[in-house]
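# Secondary and tertiary structure notes
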Amino acid sequence: MAGNTALDLVNTLDNRFHEGGPDELLESYDDLLRFVQQAGLLTAAQVRRLRRQTGAEAERRRALDQVKELREAVAGVAYALLDAEELPIHGIATLQEYFHRANAARRLTDDGKRLVWSWPEGEKLSAPLWLLTREGEKLLLSEQVNRLRFCASDTCRWLFLDTSKNQTRRWCDMKICGNRMKARRYQARLAGE
Ligand SMILES: [Zn+2]
């Protein structure tokens, strides 16, 4: 896991830089709900309520398409930051639009102790979109972005936040990419390369 929901979202377009890729992990609105629940943004009960809403196929598809548009805008900015390239103007414009719309959709509510901004979570089919938009905004506009890294495997390049003390983490997952790269180097040595 990337240690950050916005980055986990970017990684749902798997094998982004792979010759045979990419692989889309968000094929359906149901996949999206599963992702948002795993990320802890919606409860199981809220997800069940969204699943039960019928006759809104077009709305579901639109919400999924918009999540992907958001995802690709976050990805464009994140990879440009890491590659020290100029940030994509189109991506910034897309993010600005989503951030504005998410802010317009929030409601000022009383949580029993004080006033808080909240989203109509678990009620509207667009709830996952706004919750993920907020995650993207929280990440990209914060200091956390300094800890943004991508996996050192050329074909993987999954994004993650390096929260290690010395900031030396190189792999999305030592078990997956770390071992794979080590094995490859070992084979190259055996072959006398
Ligand atoms: Zn990796």
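Below is a summary of the structure that appears in this document. (Residues numbered from 1 in each chain as written. Predicted model: local features only at pLDDT ≥ 70, side-chain atom pairs only at ≥ 80, totals over all residues. Heavy atoms only, no water.)

### A word on the pattern of salt bridges
Summed over the entire model, instances satisfying the criterion amount to 10 salt bridges. A salt bridge links Glu72 to Arg16; the nearest nitrogen and oxygen atoms lie 2.8 Å apart. Residue Glu72 is located in helix α4 (residues 57-82), and its partner Arg16 is located in the loop between β1 (13-14) and β2 (23-24); the two are separated by 56 residues in the primary sequence. For Glu72, a relative accessible area of 32% corresponds to the partly exposed category. Two residues, Lys68 and Glu24, come together in a salt bridge whose shortest N-O distance is 3.9 Å. One end of the pair, Lys68, is in helix α4; the other, Glu24, is in strand β2, and 44 residues separate them in sequence. (Salt bridge = Lys/Arg side-chain N within 4 Å of Asp/Glu carboxyl O. Helix = DSSP H or I, 4+ residues; strand = E, 2+ residues; numbered from the N terminus. Buried < 20%, exposed > 50% of the residue type's maximum accessible area, 1.4 Å probe, protein only.)

### Looking at the packing of aromatic side chains
All told, the structure shown has 2 aromatic pairs when counted by the stated rule. Centre to centre, the rings of Phe17 and Tyr79 are 5.1 Å apart; their planes meet at 75°, and the pair counts as edge-to-face. You can see Phe17 sitting in the loop between β1 and β2 and its partner Tyr79 sitting in helix α4, a full 62 residues away along the chain. A relative accessible area of 36% means that Phe17 is categorised as partly exposed. Accessibility expressed as a relative area gives 8% for Tyr79, which makes it buried. Its guanidinium or amino end placed over the ring of Trp117, Arg106 lies 3.7 Å from that ring's centre, counting from NZ or CZ. (Phe/Tyr/Trp six-rings, centres within 6.5 Å; stacked < 30°, edge-to-face > 60°. Lys NZ or Arg CZ within 6 Å of the ring centre and 35° of its normal.)

### A closer look at unusual backbone geometry
Among all residues save glycine, negative phi is the norm, and among peptide bonds the norm is trans. Here the amide bond leading from Gly21 into Pro22 is cis, since omega sits at -5°, within 30 degrees of zero. Within the chain, Asn15 stands out as a residue other than glycine whose phi angle is a positive 50°. Its place among the elements puts Asn15 in the loop between β1 and β2. Exposure remark for Asn15: the relative accessible area of 24% places this residue in the partly exposed category.

### Some words on the nonpolar core
If you look at the biggest cluster of nonpolar residues, it comprises 44 residues, and the most contacted ones within it are Leu32, Leu95 and Leu132. Those elements that provide at least two residues to this core are α1 (5-10), α2 (29-38), α3 (44-52), α4, α5 (89-105), α6 (127-140) and β6 (159-161). Each residue touching Leu132, except ones within four places of it in the same chain, is listed here: Thr5, Leu9, Leu32, Phe35, Val36, Leu41, Val67 and Leu70. One finds Cys151, Cys156, Cys172 and Cys177 within the second-largest nonpolar core, a separate group that totals 5 residues. (Core = buried A, V, L, I, M, F, W, Y, C linked by side-chain atoms within 4.5 Å. Contact = heavy atoms within 4.5 Å.)

### Quick notes on the coordination of the zinc ion
Protein-derived ligands of the zinc ion are Cys151 (SG), Cys156 (SG), Cys172 (SG) and Cys177 (SG), with the metal-ligand distances lying across 2.3 to 2.4 Å. Here the zinc ion binds 4 donor atoms, and the angle range of 105 to 116° at the metal identifies the geometry as tetrahedral. Of note, the donors binding the zinc ion are all from one chain and are spaced C-x4-C-x15-C-x4-C. On the criterion of sequence distance, the pair formed by Cys151 in the loop between β5 (148-150) and β6 and Cys177 in helix α7 (residues 174-190) is long-range, its members being 26 residues apart. Like Cys177, Cys151 is buried. (Donors = N, O, S within 2.8 Å, 3.2 Å for Na, K, Ca; no water. Tetrahedral: all angles 85-135°; square planar, octahedral: opposite > 155°, others 65-115°.)

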